[in-house]
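Working through the structure, step by step
Chain by chain, the residues run as shown.
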Amino acid sequence: MSLQAAGMLKQYLEQRQASGQTHASLRPGTLDRLRSSGKPTPARAPDSRRSVVDTAKMEPTAPPASALFEMPVAIPSRLPQKAAGILAVPGQNKVEKLSALAAMAEKSTQARALGTLRDTMVFAVGNPDATIMLIGEAPGFEEERQREPFVGPAGQKLNGILKAMGLERSQVYISNICKFRPAIEGNQGTSNRAPTDKEMASCLSYVLTEIAIVAPQVIVALGGVACKGLGIGEGVMRLRGRFYDVHGVPTMVTYHPSYLLREEKMAGGGIRAKRECWEDMLKVMEKAGLPISEKQRGYFRQ
Ligand code: URA
């Protein structure tokens, strides 16, 4: 490949990276065209409208880089990741850094200034050295009471999924895209609601910093809200079952455990949702390098 072609390629890939794209695939024949771009262009018949140029002295022409690539296969990570930075956190190790980060989240002026989130900050739970990090929506009534994510009914369901994967809660890292329980006007009681985009955005830098500190091998976005908050996109049905890049970490989108609980109550017992969620989790196990038994592979086989 000529220097010129290499330079254009580099420039093109850098532009794509800067716009948040993480994948590029080559069109058929591209490699051959790049290889031959180092060879001099055949001389053209002189054109009377242009001054005559000695083509042997010309820089070899490279195909425009945009002509070489297909659209990216993976959906690129979007803007919220760029807008929210990773915070500088003091500490000698992961535990110290995470506890310093939790103290910063506790005082979050941005989240508190919204006036739509409740007072108690619920940070995260689990192993700071975990290879798998799970990210849900926001604490609910029970999570706020115990100051721990996923301890209510959805948490019981999540524990069941982890158990099927051969994991304890203490082996993974569990967090939420919003660190405060969203408030409902009037007498909230045990009612919960999903966080709004603004509420998620106010906590995003804490979540991204957690990702940077824990440095898991794989993230699981539990449900459409977390998926949107992480900047992957909207529509869990469409997006689930595949990995997306979130700050360099492959991130699987799957159903929220509360959705599985709701589906269980429907006719058919929510078997489709459970099977699809399990298929997603098998991919997560593979990505994390966990052993998978034949029994585990066969859980939902007919
Ligand atoms: N649902 C979530 O998304 N997170 C929790 O912590 C609890 C329920």
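Coordinates for the structure precede this section.
Residues numbered from 1 in each chain as written. Predicted model: local features only at pLDDT ≥ 70, side-chain atom pairs only at ≥ 80, totals over all residues. Heavy atoms only, no water.

**Let's talk about the pattern of salt bridges**
Inspection of the entire model under this criterion finds 22 salt bridges. E142 is the partner of R145 in a salt bridge, and the nearest nitrogen-oxygen pair spans 2.6 Å. Residue R145 and its partner E142 are located together in helix 6 (residues 141-146), separated by three residues, close to a single helical turn. By relative accessible area, which is 57% here, R145 ends up exposed. Relative accessible area serves as the criterion here: at 19%, E142 is assigned to the buried category. Put simply, K179 and E210 hold a salt bridge, and the shortest N to O gap is 2.7 Å. Here K179 is found in the loop between strand 6 (173-176) and strand 7 (180-182), whereas its partner E210 is found in helix 8 (residues 197-214), with 31 residues between them in sequence. Counted as one network, the salt bridges with shared partners bring together R240, E263, R272, R275, E276, E279 and D280. (Salt bridge = Lys/Arg side-chain N within 4 Å of Asp/Glu carboxyl O. Helix = DSSP H or I, 4+ residues; strand = E, 2+ residues; numbered from the N terminus. Buried < 20%, exposed > 50% of the residue type's maximum accessible area, 1.4 Å probe, protein only.)

**Re helix 7 (residues 153-164)**
With 12 residues, helix 7 extends 17 Å between its outermost C-alpha atoms, agreeing within 8% with the 16 Å of an ideal straight helix rising 1.5 Å per residue. Of the residues making up helix 7, those classed as buried are A154, G155, L158, I161 and L162. Buried positions in helix 7, seen along its axis, are confined to an arc of 115° and lie on one side of it. Away from its buried face, by an angle of more than 90 degrees, helix 7 presents the exposed residues P153 and K163. Those residues of helix 7 that are buried lie in contact with strand 5 (132-136), strand 6, strand 8 (218-222), helix 11 (257-264) and helix 12 (271-288). (Expected span 1.5 Å × (residues − 1). Arc of directions from axis to C-beta. Contact = heavy atoms within 4.5 Å.)

**Some details on the sheet that holds strand 6**
If you walk across this open sheet you meet the six strands as 4-6-5-8-10-9, and the pairing is mixed. Edge positions in the open sheet fall to strand 4 (124-126) and strand 9 (243-246), since each of these has one partner strand only. Within the sheet, the average angular offset between the axes of one strand and its neighbour, ignoring direction, is 25°. (Pairing = 2+ DSSP bridges. Axes fitted to C-alpha atoms, helices over the stretch in contact; angles between N-to-C directions.)

**As for the site of the ligand**
Surveying the vicinity of the ligand reveals the residues G136, E137, A138, E143, P149, F150, N176 and H256. Backbone polar atom of F150 to an oxygen atom of the ligand: 2.9 Å apart, as the coordinates give it. N176 places a side-chain nitrogen or oxygen 2.8 Å from a nitrogen atom of the ligand. If the ligand stood free it would expose 230 Å²; the protein chains cover 92% of that surface. Taken together, the residues that form the shell around the ligand break down as three nonpolar, three polar and two charged. (Near = heavy atom within 4 Å. Polar contact = N/O pair within 3.5 Å; in protein donor to acceptor, adjacent residues only side chain to side chain. Areas by Shrake-Rupley, 256 points an atom, 1.4 Å probe, with all protein chains shown as cover. Nonpolar A, V, L, I, M, F, W, Y, C, P; charged D, E, K, R; others polar.)

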